[in-house]
Amino acid sequence: MPTAPWPARSGSLVLRDPRPDEIDELLALRNDPAVNRWMLKTHAEPEAFRREWLAVPDSATDFSCVADLDGRAVGLGFLDVVDGMGQPGMPVGTQAGIGYVLAPDVWGRGLATDLARGLLTAAFDVLGLRRVTAGCYADNHASARVLEKAGMRREQHGVQDSWHAELGWVDGCEYALLAHEWAARRDVGTA
Ligand SMILES: CC(C)(COP(=O)(O)OP(=O)(O)OC[C@H]1O[C@@H](n2cnc3c(N)ncnc32)[C@H](O)[C@@H]1OP(=O)(O)O)[C@@H](O)C(=O)NCCC(=O)NCCS
């Protein structure tokens, strides 16, 4: 079992494991229509959400977290360890996908950027992963900007590769960062 990355401070936030008594509050945040408009999954099914978030503290691959601002759960960070792709002999569990949602009343204060940086710190500095990826709809400009501010590279712009419930087929973007790029950014103080 890898070292647990939480709790950890990142900017104004404390990133921590979810508590059983706040799952309903977290579900309400995840299912806020303003929050999920640009999410691939536009509705979290309550029982599955409860099961997944209660299992997080003991999971060997799901290192998702609550973003806590002065004692209030204002966001969710997603960090799932996955395999890359490759031929037999490939090391497994060397990369992760990250994501985030913040409560609308705290948008525009740099908190998602703090959260994304905290997820990258956990992935590279604590879990020792090799590569981290994140995706967003191309028109989710705030999210693309967060990933760029956190230091990730845009690797792909997929033309009409993503389905949006209101808009139909739209463009999607894929961002990534490698461990040595993260270390170089950290060493010059830009991570
Ligand atoms: C996307 C989201 C996480 C951003 O959270 P946030 O805390 O407001 O993000 P930050 O304040 O750290 O940074 C936002 C950046 O986007 C910019 N931005 C916001 N809206 C923008 C827009 N419409 N066009 C261009 N840039 C925009 C901000 O100016 C800021 O950049 P700056 O610091 O260079 O000025 C938040 O809006 C959210 O939770 N949205 C719903 C869920 C979601 O979309 N999650 C991501 C799925 S991929």
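One numbering rule holds for all chains: residues counted from 1, following each sequence as written. Under the rules for a predicted model, residues below a pLDDT of 70 receive no local features and side-chain atom pairs below 80 are neither given nor counted, while totals for whole chains, interfaces and linings still include all residues. Computation of side-chain values: all heavy atoms of the structure, hydrogens and water removed.

Caption draft 1: Spotlight on helix 5 (residues 141-149). Three labels apply to residues, based on accessible area from a 1.4 Å probe with only protein chains included: buried if under 20% of the type maximum, exposed if over 50%, partly exposed otherwise in between. Secondary structure elements are defined from DSSP: runs of H or I of at least 4 residues count as helices, runs of E of at least 2 residues count as strands, and each element is numbered from the N terminus. Regarding helix 5, the residues found buried are S143, A144, V146 and L147. Looking straight down helix 5, one finds that the buried residues subtend no more than 155 degrees of arc, so they occupy a single side. Every exposed residue of helix 5 that faces more than 90 degrees away from the buried side is listed here: H141 and A142. In this structure, the buried side of helix 5 is in contact with strand 5 (95-102), helix 4 (111-126), strand 6 (131-137), strand 7 (153-164) and strand 8 (168-178). Residue G151 follows helix 5 closely and has a positive phi angle near 100 degrees. Directions pointing from the helix axis toward each C-beta atom define the arc. Whether two residues touch is decided by their heavy atoms; if any such pair falls within 4.5 Å, the residues are in contact.

Caption draft 2: Structural view of the site of the ligand. Proximity criterion: a residue is near a molecule or strand once any of its heavy atoms comes within 4 Å of it. As a structural note, the neighbourhood of the ligand is formed by 22 residues, with G108, G110, T113, R145 and K149 the closest of them. We define a polar contact as two N or O atoms separated by no more than 3.5 Å, with the added condition that, inside protein, one atom must be a possible hydrogen donor and the other a possible acceptor, whereas residues neighbouring each other in sequence contribute only through side-chain atom pairs. Between the ligand and Y100, the relevant distance is 2.9 Å, taken from a nitrogen atom to a main-chain nitrogen or oxygen of the residue. Here R145 contributes a side-chain N or O atom positioned 2.7 Å from an oxygen atom of the ligand. In isolation the ligand exposes 970 Å². Once the protein is present, 70% of that is buried. When residues of the shell around the ligand are traced back to their parent elements, those giving at least two are strand 5, helix 4, strand 6 and helix 5. In terms of residues, the shell around the ligand owes the most to one element, helix 5, which gives 6 residues. Its residues assigned to classes, the shell around the ligand shows 12 nonpolar, 7 polar and 3 charged. Surface accessibility follows the Shrake-Rupley procedure with a 1.4 Å probe radius. Residue values consider only the protein chains on display as shielding. Following the grouping adopted for this structure description, the nonpolar residues are Ala, Val, Leu, Ile, Met, Phe, Trp, Tyr, Cys and Pro, the charged ones are Asp, Glu, Lys and Arg, and the polar ones are all others, Gly among them.

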